[in-house]
Amino acid sequence: MNGVELRNVTKAYAGLTVMEDINLEIADGDFLVLLGPSGCGKSTLLNMIAGLEPTTDGSIHINGRDVTSLEPDERDIAMVFQSYALYPTMSVRRNIGFGLKMRGMLRDEIDKRVAEVGDLLQITPLLDRKPSQLSGGQQQRVAIGRALVREPSVFLFDEPLSNLDAKLRADMRIELKRLHERLGRTIVYVTHDQIEAMTLATKVVVLDKGGIQQVDTPENVYRRPANRFVASFVGAPTMNFLDGKLSQNGDDIVFDSGAGCLPLVNVPAEARDLIGRPMTLGARPEHMLFDETGISSRVLLAEPTGPDQYVRLAVAGSELTARSGPEQIFRSGSDTRILIDGARMTLFDSQSGQALLTA
Amino acid sequence: MRYNRLALYGLLCVAAIMILSPVFIMISTSLKSMDEIRNGSIFTLPVDPGFAAWSKAWFGDCAKTLGEGCGGLSSSFMTSVKVVIPALILSVGLGAITGYALAAWKMKGANVMFAALLVGMFIPPQVTLYPLIIMIRELGIFGTIPGLILVHVIWGVAFTTMMFRNFFKTVPQDLLKAARIDGAGFWRLFWHVMLPISLPILGVAMILQFTYIWNDFLLGLTFGGRAGQPMTVALNNLVGSQFGEKEYNVDMAATMLTALPTLAVYLLSGRLFVRGIAAGAVKG
Amino acid sequence: MADPAQGVLQRSVAQEETQKEGRRRWRPQWTARMALIPAMMITIFCFYGFIIWTFVISLTRSRLLPVYKFTGFDQYARLFANERWWTAMQNLAIHGFLFIGGCIVFGYLLAILVDRGVKAEGLFRTVFMLPLSMSFIVTGVIWQWVMNPGLGLQEAVRALGWAGFEFNWIVRPDRSIYTLAIAGIWQQVGLCMALFLAGLRNIDPNIWKASRVDGIPVWRVYLHIITPMLRTVFFTVFILMSAIVMKAFDLVVALTGGGPGFSSDLPARFVVDHILNRQELGLGAAGAFVLLCTVIAVIAPYIYFELQKERSGRGH
């Protein structure tokens, strides 16, 4: 198989297992994002793919070749780092060409390829500068250039945008996406930023505590989280969670939190099988609907963000967040009514946290 | 406020004078004649400054010495140069490579070895002096310049390793990873990436090692023998054992000549010396 | 028709070959290990091996040459019965106290003065650190001349009109040890100043702003806020100066020659003298080992502290 494959990869430090039995297939041309909070093991996983950290057990295959025991430079990969990791004493030209020089490529050929990459990334005027004379965004381009020039079959990115300011980050995101579409190479990209994951990935791997929580498209990770961790990690403001159970109220199904019953609309038929079972209901702020038929709730605070506003509500003994358009005015202390879009809610097992029902 | 400033500068100047006056006394004494020294005070400037004492200190006084040579410092100056330069290059080079290997390549036991080396820096040389003599004698280089060089490398490597190791520890891990992905192995990573970054620390290590080795006395005294007598040892002999009347002007001129190379390096290097010392890189 | 099993077989053979190749290729980690060999040999043999050797010799009755006839701790008994050794140890205590104390006090004061934002700061710093570049031998010879009772400082001050002025410590057995501290402080005070200055420069300037807003007098800020903040610097300076004191050999040789008599002798000189000149190898080795134990007692907390600091620094 082309692409990258991890089979039963395990990592232990001093006898302490930090990652166990990771299995992952990355198809050729995928833009795979490893997403997770800091300390979830995503960088360790990337370093193992790169060969910078040895695996304790299992094997790693790149383009069908077992690379588990190979050095980083034998694996046909290139990597872009968070800190850019440009060689401070070399000019941009030498930085980009260094990997080719180490492989014994002739000087003319190196110059030609560096010039091509310079053109592609629009850094030709910077080629003779030192990294310290470049802005953060320019350094980032050089770091990408250093990876591109080698024409590897897999690119590894370790939080490449997190040292840039917000505006530049958005620009670079678009450029990375274009670059991927243009080159069609496999990319493995580590980030803790879900916006990057959502916008860039063809496939997202959500990691936590050294284990894979979910592998899916960005849309599905958002809409159909596999468990409570994924649901709470992806999405901002975070999903609302409410403990309780589904119960029958006449023809309708409501969610009984013990302190009150939240009305649901558009409940899928499968939900009926779950009635009475203790569980956690998850609903994103945009799936909380302001409606006259809803449950009475008190407005605690409204946070306008420009296009929307997020309203903090006291409902049935809990605090929940709902999204509303910017026009409506919510006064703190006033009352409103709210219900939940049952077609888009997620139900989690209260013990295991696994999703029982998703949209 | 103004009186405060005045007092501040006053105190600083007093301190500076106290530090500088022995140096001043050394220089002015070396320019005086013995008659002037006997009749004047150490604080007075030479009335008729001359370099007679300097030339006597450098070339020696052939009328006074028995046996070969004239007892001047010129030959021991050459010995010091022949010892310092190779010892400097070898100890700094070995320290750079060892420090780099310890800092940049994750190895089991690297920290244990570094701690062991760090402790070695504080071992008084007297403790291992005799075994070292036997080792150097067994190698057949006792009392020779190569023997003295080897001893200086042995005693300097802990210090230079510490300097480079601590510096290379501050190099971001990402840079090392990037170089490994680019295909640089141990030596090419060192040569193309690490050494160019470490130029300032290399300068500091060179300057401090030069100062330490030039100023060494115990190792020169023990391992130099007659052939490899460095300048500090020669100075001590000159001052300690003179026939007839003591010539303080010659003593001071000889002292000045011995101090000049390190003094010059210090004054020319300025900030680097300060930086090296303030970086906590200090050897007793 | 292609046999699918054959394809699998071919692939696994190819994989095995790349693996073998991987195993055959020289790893940079191995070069790194090899590069450590010289320094490791020096550490193991020339540092620790030789320490053990010296200890072994101290248990024998070696005189001119090492003989391995063991006499237990006889050499230590001789050492502790040796009056010159006790003079040297007592001198080490006196010299250590004066030298380390003087360097810390004067070094800290100079650092504070320089840190008060003076013009020509670089010049003062250069002057204060100037003696550091000179050897202990040079320092000793200069001060021997300055303190020369016949023609030095004593005569010069008397010539200025203070006829009763006396400064002849260098020739007085009860005072000669103090001259060591004077010359030693002169030479090393600049180092202490530099270390303290670096510490002062590391202090958050907001501390000064806050104390000015609170109206605290400058001397109180130094005494109650800055000095406690610099305790690790004080610790470092103390350790470094201790190391210098315990190795002190050159300075005694050049300044007083350990005299008059053995009145300004120090353990380091005692050891060298017995090993090199007096053909008392066993006794010298015993002295060296006692000296080493003293050093370890002072240095061990420092090394522990340094490594601890690094460990906690790596935490994030």
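Residues numbered from 1 in each chain as written. Chains lettered and ligands numbered in written order. Predicted model: local features only at pLDDT ≥ 70, side-chain atom pairs only at ≥ 80, totals over all residues.

A. Main features of the environment of B:Trp58. All names here are of chain B. Position of Trp58 among the secondary structure elements: in helix 3 (residues 52–59). Between the C-alpha atom of Trp58 and that of Ser80, which follows or precedes it by 22 residues, the distance is 14 Å. Not counting residues within four places of it along the chain, the set of residues in contact with Trp58 comprises Gly72, Leu73, Ser74 and Leu257. (Helix = DSSP H or I, 4+ residues; strand = E, 2+ residues; numbered from the N terminus. Contact = placed C-beta atoms within 7 Å.)

B. Looking closely at the domain arrangement of chain A. What the domain assignment lists for chain A is domain 1 (4–226) and domain 2 (240–357). Its C-alpha centre places domain 1 of chain A at a distance of 40 Å from the equivalent point of domain 2 of chain A. (Domains from an automatic or database assignment.)

C. Structural detail: helix 5 (residues 166–183) of chain A. Residues and elements named next belong to chain A. Helix length check: helix 5, at 18 residues, gives a terminal C-alpha distance of 26 Å against a target of 26 Å (1.5 Å per residue), a fit within 8%. Buried residues of helix 5: Met172, Leu176 and His180, and no others. Considered in projection along helix 5, the buried side chains sweep an arc of 80° and stay on one side of the axis. Turned more than 90 degrees away from the buried face of helix 5, the exposed residues are Lys167, Asp171, Ile174, Arg178, Glu181 and Arg182. Where helix 5 is buried, its residues contact strand 3 (31–35), helix 4 (136–148), strand 8 (186–191) and helix 6 (194–200). Immediately downstream of helix 5, the backbone of Gly184 shows phi near 65°, a positive value. (Expected span 1.5 Å × (residues − 1). Buried ≥ 20, exposed ≤ 12 C-beta atoms within 10 Å, placed from the backbone. Arc of directions from axis to C-beta.)

D. Representation of the environment of C:Tyr108 within the structure. Its place among the elements puts C:Tyr108 in helix 5 (residues 83–115). Residue C:Tyr108 is classed as buried on the basis of its 25 C-beta neighbours within 10 Å.

E. A look at the UniProt feature "domain: ABC transmembrane type-1" (unreviewed entry) in chain C. Annotation from UniProt places "domain: ABC transmembrane type-1" (unreviewed entry) at residues 89–304 of chain C. The annotated region residues 89–304 of chain C carries 74% helix and 0% strand content, and the separation between its end C-alpha atoms amounts to 26 Å. (UniProt positions renumbered as here; feature names shortened; annotations may be inferred.)

F. Fine view of the UniProt feature "transmembrane region" (unreviewed entry) in chain C. Residue and element names in this part refer to chain C. According to UniProt, the feature "transmembrane region" (unreviewed entry) maps to residues 34–56, 92–114, 126–146, 177–200, 221–245 and 281–305 in the numbering used here. Secondary structure within residues 92–114 divides into 100% helix and 0% strand; the distance between the first and last C-alpha atoms comes to 31 Å. Split by type, residues 221–245 is 96% helix and 0% strand. Its first and last C-alpha atoms lie 32 Å apart.

G. Representation of the sheet that holds strand 19 (residues 346–349) of chain A. All names here are of chain A. Read from one edge of the open sheet, ten strands run 17-16-15-18-13-12-11-14-19-20, paired in mixed fashion. Every interior strand has two partners, whereas the edge strands, strand 17 (318–324) and strand 20 (355–357), have only one. When strand polarity is set aside, the average angle formed by the axes of neighbouring strands in this sheet is 50°. Judged from the four bridges that link them, strand 14 (residues 279–283) and strand 19 form a sheet pairing that is antiparallel. Note that in strand 19 the partner of Thr280 across the bridge is Phe348. (Pairing = 2+ DSSP bridges. Axes fitted to C-alpha atoms, helices over the stretch in contact; angles between N-to-C directions.)

H. The sheet that holds strand 3 of chain A, seen in detail. All names here are of chain A. Taken in spatial order, the six strands line up as 6-7-8-3-9-10 in an open sheet, and their pairing is mixed. Since the sheet does not close on itself, it has two edges, and those belong to strand 6 (77–80) and strand 10 (211–216), each with one partner. Between one strand axis and the next, the sheet turns by 20° as a mean value, whatever way the strands run. By the bridge criterion, five bridges tie strand 9 (residues 203–208) to strand 10 in an arrangement that is antiparallel. The partner of Asp208 across the bridge, within strand 10, is Gly211. Across the face of the sheet, helix 4 comes into contact with strand 6 and strand 7 (154–158) while running at roughly 175° to strand 6.

I. Structural context of the interface of chain B and chain C. Each partner contributes residues to the interface: chain B has 73 residues there, and chain C has 77 residues. Broken down by element, the side of chain B that touches chain C gets its largest block of residues, 13 residues, from helix 1 (residues 2–30) of chain B. The residue makeup of the side of chain B that touches chain C, split by class, is 52 nonpolar, 19 polar and two charged. (Nonpolar A, V, L, I, M, F, W, Y, C, P; charged D, E, K, R; others polar.)

J. Representation of the nonpolar core in the model. Counting residues in each nonpolar core, the largest one holds 285 residues, and the members touching the most others are A:Val33 and A:Val188. When residues of this core are assigned to their parent elements, the largest contribution, 16 residues, is made by helix 7 (residues 145–169) of chain B. With residues near it in sequence (within four places) discarded, A:Val33 still touches A:Tyr189, A:Thr191, A:Ala197, A:Leu200, A:Ala201, A:Val204 and A:Val205. (Core = buried A, V, L, I, M, F, W, Y, C linked by C-beta atoms within 7 Å.)

K. Expanded view of the UniProt feature "domain: ABC transporter" (unreviewed entry) in chain A. Per the UniProt entry, the sites bearing "domain: ABC transporter" (unreviewed entry) are residues 4–234 of chain A in this numbering. Note that residues 4–234 of chain A is 37% helix and 26% strand, and that its end C-alpha atoms are spaced 25 Å apart.

L. Main features of unusual backbone geometry. Residue and element names in this part refer to chain A. In this chain, Ala236 is followed by Pro237 through a cis amide linkage whose omega measures -5°. For Pro237, the location among the structural elements is in the loop between helix 8 (228–233) and strand 11 (240–249). The phi angle at Lys209 is positive, at roughly 50°, despite the residue not being glycine. Relative to the elements of secondary structure, Lys209 occurs in the loop between strand 9 and strand 10. Overall, the presence of 14 C-beta atoms within 10 Å leaves Lys209 in the partly exposed class.

M. Structural context of the packing of helix 3 (residues 107–121) of chain A against helix 4 of chain A. Residues and elements named next belong to chain A. Look at helix 3 against helix 4: their axes get within 10 Å of each other, and the N-to-C directions meet at 135°. By the criterion of interaxial angle, the relationship of helix 3 to helix 4 is oblique. Crossing of helix 3 over helix 4 shows right-handed handedness. Facing helix 3, whose interface residues are Val117, Gly118, Leu120 and Leu121, helix 4 presents Arg141, Ile144, Gly145 and Leu148. In terms of residue class, the contact of helix 3 with helix 4 is built from five nonpolar, two polar and one charged. (Parallel < 35°, antiparallel > 145°, perpendicular 65-115°, else oblique. Left-handed = near helix turned anticlockwise from the far one by under 90°.)

N. Here's a closer look at helix 3 of chain A. All names here are of chain A. The end-to-end C-alpha distance of helix 3, which contains 15 residues, comes to 21 Å, matching closely the 21 Å that a straight helix rising 1.5 Å per residue would cover. Within helix 3 the residues assigned to the buried category are Ile110, Val114, Val117, Gly118 and Leu121. Along the long axis of helix 3, the arc covered by the buried residues comes to 105°, so they all point the same way. Those residues of helix 3 that are exposed and aimed more than 90 degrees away from the buried face are Asp108, Glu109, Lys112 and Asp119. As for helix 3, its buried residues are in contact with helix 2 (92–102) and helix 4.

O. Structural detail: the pairing of strand 15 (residues 288–304) of chain A. Residue and element names in this part refer to chain A. Alignment of strand 15 against strand 18 (residues 335–341), held across seven bridges, turns out to be antiparallel. Bridging across to strand 18, Ile295 finds its partner in Ile338. With six bridges connecting them, strand 15 and strand 16 (residues 309–315) associate as antiparallel partners. Across the sheet, the residue bridging to Leu301 is Arg312, located in strand 16.

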